[in-house]
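Residues per chain, in single letters:
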Amino acid sequence: MGEYSFINIAIYATIVIGFAGLTVVLSALVGPSVKSKEKLSPYECGVEPVGNARISFPVRYYVIALMFLVFDVEVVFMYPWAIVARALGAFGMYEMGIFICIVLVGFVYAWKKGAFEWD
C-alpha cells in the first residue's frame, strides 16, 4: 500500500513538470517576439521611469521590513493559542502573558532605539 502512493506522486509530478515545460517551450516557439524600445523599457504602474534604478536604499528600510516580519510571525503564534486557550487553562494564560511581555519589551526597545523613524 505504501509504495503505491509514491508511484502516484511521481506520476503527478511528472505530469506537472511536463506541462510546465511544454507551455514554456510552446510560448517561446509560437509567441511573437517583436522587440521595440517600448517593450524593452521597464514598466512601473504606467509611469515612465525616472533616474537610475540602481540606487541604494537606506538600511533602516530593511530593518523595518524585518521587524514587521518578526512581529507578524509572533502575532500568528497567538491564533493557535486562542483556539485552545480554554483547554490550556491558567498555565496557558500565564505562558501567553510571558510571550506578550517579551514581544512588548522588544517593541519598546526598538521604539526607543528609533527603529520606527523614517528620518
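Here goes a summary of the coordinates provided. Only a predicted model underlies this, so the values are computations on that prediction, with no experimental measurement involved.

1. A few points about helix α5 (residues 85–112)
In this model α5 runs just 32 Å from its N-terminal to its C-terminal C-alpha over 28 residues, more than 12% under the 40 Å that 1.5 Å per residue would give. Along α5, the helix axis deviates most sharply at Phe-91, where the bend reaches about 75°. Of the residues making up α5, those classed as buried are Gly-92, Met-96, Val-103 and Ala-110. Residues of α5 that are buried in the fold lie against α3 (59–76) and α4 (78–83).

2. Quick look at the nonpolar core
Membership of the largest hydrophobic core is limited to five residues, which are Met-67, Phe-71, Val-103, Ala-110 and Ala-115. Counting residues per element, the ones that place at least two in this core are α3 and α5. Once residues lying within four places of it in the same chain are set aside, the contact partners of Ala-115 are Arg-60, Ile-64, Met-67 and Ala-110.

3. A few points about the packing of α3 against α5
Where α3 meets α5, the axes come as close as 11 Å, and the angle between the chain directions of the two elements is 165°. Here α3 is positioned roughly antiparallel relative to α5, judged by the angle of their axes. Judged by the twist between their axes, the crossing of α3 over α5 is left-handed. Facing α3, whose interface residues are Met-67, Phe-71 and Glu-74, α5 presents Phe-99, Val-103, Gly-106, Phe-107 and Ala-110. Its residues placed into classes, the contact of α3 with α5 shows six nonpolar, one polar and one charged.

4. Examining α3
Note that an α-helix has 3.6 residues per turn; residues three or four places apart therefore point the same way. Given a rise of 1.5 Å per residue, 18 residues ought to cover 26 Å, and the 26 Å separating the end C-alpha atoms of α3 matches this to within 8%. Listed in full, the buried residues belonging to α3 are Ile-64, Met-67, Phe-71 and Glu-74. Axial view of α3: buried residues confined to an arc of 90°, hence all on one face. Seen from the buried face of α3, the exposed residues on the opposite side, beyond 90 degrees, are Leu-66 and Phe-68. In this fold, the buried residues of α3 make contact with α4 and α5.

5. Topic: the packing of aromatic side chains
Tallied over the entire structure, the rule returns two aromatic pairs. When the ring of Phe-71 is compared with that of Phe-107, the centres are 5.8 Å apart and the planes differ by 75°; the resulting orientation is edge-to-face. With Phe-71 in helix α3 and Phe-107 in helix α5, this pair connects stretches of sequence that are 36 residues apart. Take Phe-107: its relative accessible area is 31%, and that puts it in the partly exposed class. Grouping aromatic residues by their ring pairs yields a cluster made of Phe-71, Phe-107 and Trp-111.

Each value, and the rule that gives it
Residues numbered from 1 in each chain as written. Predicted model: local features only at pLDDT ≥ 70, side-chain atom pairs only at ≥ 80, totals over all residues. Heavy atoms only, no water. Helix = DSSP H or I, 4+ residues; strand = E, 2+ residues; numbered from the N terminus. Expected span 1.5 Å × (residues − 1). Bend = angle between axes of the 7 residues up to and from the residue. Buried < 20%, exposed > 50% of the residue type's maximum accessible area, 1.4 Å probe, protein only. Contact = heavy atoms within 4.5 Å. Core = buried A, V, L, I, M, F, W, Y, C linked by side-chain atoms within 4.5 Å. Axes fitted to C-alpha atoms, helices over the stretch in contact; angles between N-to-C directions. Parallel < 35°, antiparallel > 145°, perpendicular 65-115°, else oblique. Left-handed = near helix turned anticlockwise from the far one by under 90°. Nonpolar A, V, L, I, M, F, W, Y, C, P; charged D, E, K, R; others polar. Arc of directions from axis to C-beta. Phe/Tyr/Trp six-rings, centres within 6.5 Å; stacked < 30°, edge-to-face > 60°.

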